[in-house]
Amino acid sequence: LFLYGLLGLLLIPFLFRTDRTLKIWTRVIYSFFTVILVFAASSVVIFERLLPEEVEFEVDNAVSLDDIMRDGSFTEAIAPRLELWIFGIATGILLQGERLLSNPLEELKLERKIKIALLVGLPLQLAGAVIAVLNEQSTKTSEGTYIFALVLCFVTAPLLTFGYVALFLRWMQGGSKAVTWLRQAGRMSLTVYLSQSIIVSLIFAPWGLGLFQEVPLWAVLLIAVGVWAVLVQLSNYWLNRFDQGPLERVMGLLTKGRVRS
């Protein structure tokens, strides 16, 4: 949430800009930093080929978040996570796709965006994920391959985002129960978001059940989806009895009395 808040502050200069201005900025920033990331990934690959011993030394002796999540403490995870935040700032600011909702709903051409996502975005995302997983499970992992897979996923993410949002909008137009049951969770999204983070942390981290890297990937996926589904259902129960989620109530109290324009 800290990182999201920081990214939100960086968007302030773009408030009240025209759609044309925003589209130009997003395309320029996206293209420029895509080139930078591809160059960085290529440089790592070349460095690995020319100086493999030095690369292996750095990787083998680095204390990563994975190491901490296996047998470290909560406080020991702070420094590696800060490194991830710094990397996230460098990439998350920049690899954001164009705006989808700048036009009225009837002008969005939802069917076309869904097809592009399924036929282009989804295969590329799957390719990046497969490359990353195979590299991690290899006896000799490659930092360059990992970065290339990461870049591929980041660069193609907007295509898949278009598809997700367009698909949800299409379902909303039809009043499909596939999305309407999520409405209450959206009303208390802060509570659901933080609760999911806390619960999953207690399941996988060493200061909880310590299941990190102890269960297969399919089980990790089931656990994550299960936790999310339970929280969505609890949101429905909660909002049938209260007007707001607990953390939304706290935020309301903290911002009470502020002037709204």
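Residues numbered from 1 in each chain as written. Predicted model: local features only at pLDDT ≥ 70, side-chain atom pairs only at ≥ 80, totals over all residues. Heavy atoms only, no water.

### Brief notes about the nonpolar core
For step 1, the next point in the chain: Core analysis: the biggest nonpolar cluster contains 16 residues, and Met69 and Val192 have the highest contact counts within it.
For step 2, the next point in the chain: Secondary structure elements with two or more residues in this core: helix H4 (65-71), helix H10 (189-204) and helix H11 (217-239).
For step 3, the next point in the chain: Once residues lying within four places of it in the same chain are set aside, the contact partners of Met69 are Phe204, Ala205, Pro206, Trp207 and Phe212. (Core = buried A, V, L, I, M, F, W, Y, C linked by side-chain atoms within 4.5 Å. Buried < 20%, exposed > 50% of the residue type's maximum accessible area, 1.4 Å probe, protein only. Helix = DSSP H or I, 4+ residues; strand = E, 2+ residues; numbered from the N terminus. Contact = heavy atoms within 4.5 Å.)

### Describing the side chain of Thr156
For step 1, the next point in the chain: Along the chain, Thr156 falls in helix H7 (residues 143-173).
For step 2, the next point in the chain: Within the structure, Thr156 has its side chain in polar contact with the side chain of Gln125 (distance 2.6 Å).
For step 3, the next point in the chain: If we ignore the near neighbours within four places in the chain, the residues touching Thr156 are Tyr30, Leu124 and Gln125. (Polar contact = N/O pair within 3.5 Å; in protein donor to acceptor, adjacent residues only side chain to side chain.)

### What to know about the packing of aromatic side chains
For step 1, the next point in the chain: In this structure the tally under the stated criterion is two aromatic pairs.
For step 2, the next point in the chain: Summarising the aromatic geometry, the rings of Phe14 and Trp25 are spaced 5.6 Å apart at their centres and angled 75 degrees between planes, so their arrangement reads as edge-to-face. Of the two residues, Phe14 is situated in the loop between helix H1 (2-10) and helix H2 (19-50) and Trp25 in helix H2; the sequence distance between them amounts to eleven residues.
For step 3, the next point in the chain: Ring geometry for Trp238 against Phe242: centres 4.6 Å apart, planes inclined by 35 degrees, an arrangement best described as tilted.
For step 4, the next point in the chain: Judged by relative accessible area, which is 32%, Trp238 ranks as partly exposed. (Phe/Tyr/Trp six-rings, centres within 6.5 Å; stacked < 30°, edge-to-face > 60°.)

### Remarks on the confidence of the model for the protein
For step 1, the next point in the chain: When pLDDT is averaged along the protein, the result is 78, and 82% of the positions lie at 70 or above.
For step 2, the next point in the chain: Overall, residues 57-62 carries pLDDT values under 50, and its contacts beyond four positions in sequence, including any with other chains, amount to two contacts.
For step 3, the next point in the chain: In the predicted structure, residues 97-102 sits below a pLDDT of 50 and forms 17 contacts with residues beyond four places in sequence or in another chain. (pLDDT = per-residue confidence, 0-100.)

### Brief notes about the packing of H10 against H11
For step 1, the next point in the chain: It is the contact of H10 with H11, at a shortest axis distance of 10 Å, that shows an interaxial angle of 140 degrees. You can see that H10 and H11 cross each other, and the crossing is right-handed. On H11, the residues that touch Val192, Ser195, Gln196, Ile199, Val200, Ile203 and Phe204 of H10 are Val220, Ile223, Val227, Trp228, Leu231 and Ser235. (Axes fitted to C-alpha atoms, helices over the stretch in contact; angles between N-to-C directions. Left-handed = near helix turned anticlockwise from the far one by under 90°.)

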